[in-house]
Amino acid sequence: MASPFIFLIFFFIFRVHHAILDPNDFLALQSIRKSLHDVPGSNFFSSWDFTSDPCTFSGVFCHADRVVALNLGDPRAGSPGLTGKLDPALSKLSALAELTVVPGRIYGHLPPSLSALTNLRFLGISRNFVSGDIPAGLGNLRNLRTLDLSYNQLSGTIPPAIGNLPELVNVVLCHNRLTGSVPKFSSQTLTRLDLKHNTLSGSIEPDSLPPSLHYLSLSWNWFTGPVDRLLSRLNQLNYLDLSLNRFTGSIPAQLFTYPLTNLQLERNQFSGPVQPVNDVSIQTVDLSYNRFSGEISPMLANVQYLYLNNNGFSGQVPASFVDRLLAASIEILYLQHNYLTGIAISPTAEIPVSSSLCVQYNCMVPPVQTGCPVRSGTQKIRPAEECNQWRG
């Protein structure tokens, strides 16, 4: 392999004739190339010939004589990606505004020196094998708008300094091994926060997330405590997933008036009545496996996929549910494992093949034979002593 001195001779020849690339950027790209390799089946680095203009390399984008964007790896679907470690020399690309790494087999830690990239607006290193802590120094990247470190093996806590970044729009840290609590996010432009599939814990403070959020996923963690005051502030949400945690308390009625298309609250410890104030137009509502109680609100009859099973709902199923079910407007209506006492549907009624109804294990004999999920069990009726105890 040619020495760095020879490469520098080529660099200065090109710089004289073509006015290309700052020397620091040239040397940084060399270091990056030495630390990363194509996974078999990838030929991303085939164009990285340092006897030619580095601004013509795959994934390298220049403005004047500086590298402003670096996209490492072939972005086409199915590309096997790269392997190796991220070199600390990345920090020498001081004009860099965008840094992405395609899915592959990059391993090792995130270089703390990334904190020197103060012009960075987009940092995306997802679906690799990056481990260790998230560097606290990323809190120095005051221009950062998107931080995507999802689908890696990162551990430790989310540095509080990241929550203080003023320009954040998207934070995607899902599918890692992060622990600790969620820091307060102060950016009033934050629209997406995805922290699902970690081992985060603690309660979420009412003022810890900005009302600008459109997408919030905290599922598959160990969060606890109430969220009613928090949710009362997030009235721009169109996607909310808090499933598979240990959240408690009630949910605010106004939640059902938000522009949501998907509401996932299943497998928590939420309790109390569910009382929307108006007809609910959310396509999917999953409140299953909680401790909700009271009667089922007719305001939920417009929901296309409705999961209310495994709660403490009681009373009659509103007639509007039956009407919409038979009209194939409701595709899933799961009411099993509650304390319901009746549903006004004829035993000869034909439920559309596109719709599913399950009402077994309630305080009534199911009036129609319907296909229920296997996990619902084989018992059709809840034992009388359980029903009497619930009423008492």
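Residues numbered from 1 in each chain as written. Predicted model: local features only at pLDDT ≥ 70, side-chain atom pairs only at ≥ 80, totals over all residues. Heavy atoms only, no water.

An unreviewed UniProt entry lists the protein chain under the name Leucine-rich repeat-containing N-terminal plant-type domain-containing protein, from Arachis hypogaea. Its UniProt record, at the heading Sequence similarities (unreviewed entry), says of the protein chain: "Belongs to the polygalacturonase-inhibiting protein family." (UniProt positions renumbered as here; feature names shortened; annotations may be inferred.)

Participant: Any chance you could explain the packing of aromatic side chains here in plain terms?
Facilitator: To describe a pair of aromatic rings, one takes the distance between the centres and the angle between the planes. Tallying each qualifying case throughout the model produces 13 aromatic pairs. Considering the side-chain rings of F44 and F45, the 5.1 Å spacing of their centres and the 70° angle between planes classify their relative orientation as edge-to-face. With respect to burial, F44 and F45 carry one shared label: buried. The interplanar angle of 15° and the centroid separation of 6.2 Å between the aromatic rings of F247 and F270 together place this pair among those described as stacked. Remark: F270 occurs in strand β20 (residues 269-272) and F247 occurs in strand β18 (residues 246-249); sequence separation between them is 23 residues. Positioned over the ring face of Y215 is R192, at 3.8 Å from the centre of the ring. (Phe/Tyr/Trp six-rings, centres within 6.5 Å; stacked < 30°, edge-to-face > 60°. Buried < 20%, exposed > 50% of the residue type's maximum accessible area, 1.4 Å probe, protein only. Helix = DSSP H or I, 4+ residues; strand = E, 2+ residues; numbered from the N terminus. Lys NZ or Arg CZ within 6 Å of the ring centre and 35° of its normal.)

Participant: Would you take a moment to explain the pairing of strand β3 (residues 66-72) for this structure?
Facilitator: A regular strand places its side chains on the two faces of the sheet in alternate fashion. Taken across its 7 residues, β3 has 5 buried, putting it largely inside the fold. Sheet topology note: the strand β2 (residues 60-63)/β3 ladder contains 4 bridges and is antiparallel. Each bridged residue has a counterpart across the sheet, and for F61 the counterpart in β3 is A69. Counted between consecutive antiparallel strands, the loop separating β2 from β3 contains 2 residues, among which A64 sits at a positive phi close to 60°. (Pairing = 2+ DSSP bridges.)

Participant: Quick question: what am I supposed to make of the pattern of salt bridges here?
Facilitator: Where charged atoms from two side chains of opposite charge come close, those side chains can pair. Taken as a whole and assessed by the stated rule, the structure comprises 5 salt bridges. With a shortest N-O distance of 3.1 Å, D25 and R66 are connected by a salt bridge. Of this pair, D25 sits in helix α2 (residues 23-35) while R66 sits in strand β3; the two residues are 41 residues apart in sequence, bridging distant segments of the chain. The salt bridge involving R382 is made with E386; its shortest N-O contact spans 2.6 Å. (Salt bridge = Lys/Arg side-chain N within 4 Å of Asp/Glu carboxyl O.)

Participant: Can you help me understand the UniProt feature "domain: Leucine-rich repeat-containing N-terminal plant-type" (unreviewed entry) in the protein chain in this one?
Facilitator: Listed under "domain: Leucine-rich repeat-containing N-terminal plant-type" (unreviewed entry) in the UniProt record, and renumbered for this structure, are residues 23-62. Taken end to end, residues 23-62 comprises 32% helix and 15% strand; its first and last C-alpha atoms sit 13 Å apart.

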